[in-house]
Amino acid sequence: MDKLVVEGGCKLNGNVCVSGAKNACLPILAAVLLTDDECVISNVPDLKDVTTMLKILGALGRRVEREGAVVRVSAGSVTNVTAAYELVSTMRASIAVLGPLVAKYGRAKVSFPGGCVIGPRPIDLHLKGLRALGAEIKVQEGYILAEVKRLKGKRIYLGGHFGSSVLATANTLMAAVLAEGKTIIENAACEPEISDLINFLILMGAEISGNGTPTLKINGVLKLKGAEYSVIPDRVETGTYMIAAAATGGCVFIENAKPEHNAALIDKLLEAGVVVKEHSGGVEVCRGKDRLNAVDITTLTYPGFPTDLQAQMMSLTSVSNGISVITEKIYPERFIHISELNRMGANILLEGATAIIKGVRSLSGAPVMASDLRASAALVIAALVAEGKTEISRIYHLDRGYEHLEEKLSGLGARVKRIDG
Ligand code: EPZ
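How each quantity is defined
- Residues numbered from 1 in each chain as written.
- Predicted model: local features only at pLDDT ≥ 70, side-chain atom pairs only at ≥ 80, totals over all residues.
- Heavy atoms only, no water.
- Helix = DSSP H or I, 4+ residues; strand = E, 2+ residues; numbered from the N terminus.
- Rg over C-alpha atoms; globule rule 2.2 N^0.38 Å.
- Buried < 20%, exposed > 50% of the residue type's maximum accessible area, 1.4 Å probe, protein only.
- Contact = heavy atoms within 4.5 Å.
- Areas by Shrake-Rupley, 256 points an atom, 1.4 Å probe, with all protein chains shown as cover.
- Lys, Arg positive; Asp, Glu negative; His and termini not counted.
- Charge placed at Lys NZ, Arg CZ, Asp CG, Glu CD.
- Domains from an automatic or database assignment.
- Buried area = accessible area lost by both parts, 1.4 Å probe.
- Salt bridge = Lys/Arg side-chain N within 4 Å of Asp/Glu carboxyl O.
- Near = heavy atom within 4 Å.
- Polar contact = N/O pair within 3.5 Å; in protein donor to acceptor, adjacent residues only side chain to side chain.
- Nonpolar A, V, L, I, M, F, W, Y, C, P; charged D, E, K, R; others polar.
- Pairing = 2+ DSSP bridges.
- Axes fitted to C-alpha atoms, helices over the stretch in contact; angles between N-to-C directions.

Quick notes on the overall build of the protein
A tally of regular secondary structure across the protein gives 14 helices and 24 strands. What you see for the protein is a C-alpha radius of gyration of 21 Å, in line with the 22 Å of a compact globule of 421 residues. Of all 421 residues assigned to the protein, the portion counted as buried reaches 57%. Across the protein, every contact between residues at least 6 apart in sequence was considered, and the portion connecting residues at least 24 apart equals 74%. Surface accessibility of the protein: about 16,200 Å² in total, with carbon and sulfur atoms responsible for 50%. Here the protein holds 46 positive side-chain charges and 44 negative ones, and the gap between their average locations is 4 Å.

What follows is the structure, given as structure tokens:
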């Protein structure tokens with residue numbers, strides 16, 4: 001298994017270009033199933049999760065070609081409606097094919113995605129949305145079986161214990177666009193990735209209003225057409241480089257970034273004493289002072305502070321001046337990085353879903369293990385800051401969400417290399 005070896009103590013400096021958003025691209029690729037026409041999606045990042053989604057489309061019978069950041073799904077119909085365990089078990093976002101399949105073909109068989117290292121990840125809201133639209137759903141031998149003649153529009157309240165759900169909103173929305181009549185989704189997720197999906201669906205001929213708000217109104221249509229679409233830049237990758245620049249004390253310009261998608265992060269970085277300059281073509285981040293201030297963070301649904309940047313901010317606050325408090329309100333168990341950061345000399349205590357971080361002057365390199373995608377990014381940031389060498393194992397997690405990570409970091413002056421381990 002590959003390892004990442006990082007020699008710490010280097011300030012990141014220079015320009016880095018952000019890739020297309022993984023979490024926008026995955027449901028958009030699933031939405032292609034809603035039409036038999038050709039679709040061309042560009043700004044598609046070269047990531048393991050994207051490859052998995054393309055394999056799923058292929059296994060369903062669609063012809064997929066990829067050239068650089070452009071994916072072409074040829075005109076044609078699916079030849080079967082089963083998304084098998086072997087693929088779905090490697091990526092939870094595979095569940096996004098459920099809505100499109102049942103809407104277009106009236107049948108779907110999708111493996112139940114199961115648990116995850118960041119905590120329980122139920123799918124009750126996905127099923128609630130589809131059932132409300134009239135789908136008969138049962139779970140059998142580890143598969144979700146959905147069937148319906150034609151979905152029917154309905155008013156649906158899609159909130160759960162932790163608020164709105166990104167992929168349940170995507171699934172319900174993708175089902176509703178081909179349903180008969182009008183659907184209203186209340187408490188819809190407002191994440192930019194959902195807005196991006198809506199823009200793509202509208203281009204395909206869907207009738208949706210309320211984009212960017214928690215109330216989506218959809219007039220079902222009989223048929224959607226093919227479309228060409230470019231995916232938005234990745235706000236989590238952007239945020240990760242912003243935090244890495246601030247943590248290492250350098251000055252980095254992140255090209256193509258949309259700072260308006262990272263307002264909550266920018267607010268916290270400014271509070272910490274980081275200098276952030278927003279430009280139309282990207283965002284520039286420089287460390288404003290020798291030691292940054294401690295900050296308190298609570299993760300929330302958009303536009304609140306994203307859970308996907310919680311771990312990276314924990315690395316930054318590990319070496320800030322004072323005590324920071326980070327509370328996780330989306331995935332209360334998403335703290336697996338704490339023990340690894342403490343191995344590197346951080347002083348972090350976990351109390352329920354709240355981490356108390358007593359800032360230390362420095363971290364020291366150590367062998368550590370990556371556990372999930374964003375926790376892995378947090379370890380990379382800690383390794384860049386630390387004195388000495390850090391060896392991060394199980395970095396396949398990083399390949400799921402960060403395109404060309406070593407190349408991009410090396411371009412900013414980091415001493416980082418991948419070795420076969
Ligand atoms: C999306 O996952 C992202 N994945 C996640 O990114 C991200 O962490 C998450 O949204 C939250 O922002 C993709 O977009 C592919 P949710 P999703 O449903 O949609 C609960 C990353 O690192 N919930 O919005 O699966 C759930 O347990 C990843 O890139 C229910 O209770 O997340 C959580 O507490 C990991 N019932 C909350 O809602 C449901 O049916 C929000 O989860 C569904 C979710």
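Observations regarding the domain arrangement of the protein
What the domain assignment lists for the protein is domain 1 (3-19 + 233-419) and domain 2 (22-230). The C-alpha centroid of domain 2 is placed 30 Å from the C-alpha centroid of domain 1. The interface of domain 1 with domain 2 comprises 25 residues on the first partner and 20 residues on the second. A combined buried area of about 1,900 Å² lies between domain 1 and domain 2, and 55% of that area is made up of carbon and sulfur atoms. Of all residues in domain 1, Tyr302, Tyr331 and Arg400 bury the most surface against domain 2, accounting for 29% of the area lost on that side. If you look at where domain 1 meets domain 2, you find two salt bridges.

So, the site of the ligand
Every one of the 22 residues lining the ligand counts as a neighbour, but Asp124, Leu125, Ser165, Asp308 and Ile330 are closest to it. A distance of 3.0 Å separates an oxygen atom of the ligand from a polar side-chain atom of Lys22. In the model, an oxygen atom of the ligand is placed 2.7 Å from a nitrogen or oxygen of the Leu125 main chain. For the ligand, whose accessible area on its own is 830 Å², the fraction buried by protein is 92%. Those elements giving two or more residues to the shell around the ligand turn out to be helix 1 (22-31), helix 5 (124-132), helix 6 (166-176) and helix 12 (373-385). When grouped by side-chain class, the residues that make up the shell around the ligand number eleven nonpolar, five polar and six charged. Structurally, the shell around the ligand is a two-domain feature, drawing no fewer than three residues from each of domain 1 (3-19 + 233-419) and domain 2 (22-230).

Observations regarding the sheet that holds strand 8 (residues 136-140)
What the four strands build is an open sheet, ordered 6-7-9-8; its pairing is mixed. Looking along the sheet, the strands with just one partner apiece sit at the ends: strand 6 (82-83) and strand 8. Direction of pairing for strand 7 (residues 107-111) relative to strand 9 (residues 143-147): antiparallel, over a ladder of five bridges. Considered in strand 9, the bridge of Ala108 is made with Ala146. Its contacts with the sheet put helix 4 (residues 98-105) on strand 7 and strand 9, and the angle it makes with strand 7 is roughly 160°.

Side note on helix 10 (residues 310-318)
When you tally the buried positions in helix 10, you get nine out of nine residues, the bulk of the element. Within the span of helix 10, buried status applies to Gln310, Ala311, Gln312, Met313, Met314, Ser315, Leu316, Thr317 and Ser318.

Quick look at the side chain of Ser74
Secondary-structure assignment places Ser74 in the loop between strand 5 (70-73) and strand 6. Excluding anything up to four places from it in sequence, Ser74 contacts Asp37, Glu38, Arg62, Arg63 and Glu65.

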